[in-house]
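# Close look at the chain arrangement
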Amino acid sequence: MAKVRIDLDTCIRAGECYYNHPELFRMNDNGEPTLLARELDTPELIRHAREAAVVCPASAIIVEE
Ligand code: SF4
């Protein structure tokens, strides 16, 4: 089990997270990324969250394991 969160103070709204991983992230009506699931309970979701964290240009995605 791992958890993921987004630091909206750091996020620059670049959109890579919800573009590349719509199974984990989506854009809300304010143009901010939000999480579809905070707790990641499959190895696949954890891997996708790690990938999103690496790709995020603002290092705003934090995976806690
Ligand atoms: S990829 Fe990073 S900077 Fe871009 S919207 Fe997602 S959290 Fe924000």
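The present account deals with the structure reproduced in this document. Along each chain, numbering runs from 1 in the same order as the chain's sequence is written. Reporting of local features is limited, given that this is a predicted model, to residues whose pLDDT is at least 70; pairs of side-chain atoms are given and counted only at 80 or more, and all residues count toward the totals for whole chains, interfaces and linings. For side-chain calculations, the full set of non-hydrogen atoms in the structure is used, while hydrogens and water are omitted.

## Let's talk about the overall build of the protein
- Helix and strand assignments come from DSSP, with helices taken as H or I runs of at least 4 residues and strands as E runs of at least 2, each series counted from the N terminus. For the protein, the count of helices and strands is 2 helices and 5 strands.
- Written out in order from the N terminus, the α and β elements of the protein read β-α-β-β-β-α-β.
- Over its C-alpha atoms the protein spans a radius of gyration of 11 Å, differing by no more than 12% from the 11 Å that the globule rule assigns to 65 residues.
- Summarising its shape, the C-alpha atoms of the protein cover approximately 30 × 20 × 15 Å along the three principal directions.
- Each residue's exposure class comes from its accessible area (1.4 Å probe, protein chains only) as a fraction of the maximum for that residue type: buried when under 20%, exposed when over 50%, partly exposed otherwise. When burial is assessed residue by residue, the protein has 34% of its 65 residues classed as buried. Radius of gyration here uses only the C-alpha atoms, and the compact-globule reference equals 2.2 Å multiplied by the residue count raised to the power 0.38.

## As for the site of the ligand
- In the vicinity of the ligand, 13 residues are found, and the nearest of them are C11, A14, G15, C17 and C56.
- A class-by-class count of the residues in the shell around the ligand yields 10 nonpolar, 1 polar and 2 charged. Any residue with a heavy atom positioned within 4 Å of a molecule or strand is treated as near that molecule or strand. In the scheme used here, Gly and all other residues not listed as nonpolar or charged are polar, with Ala, Val, Leu, Ile, Met, Phe, Trp, Tyr, Cys and Pro taken as nonpolar and Asp, Glu, Lys and Arg as charged.

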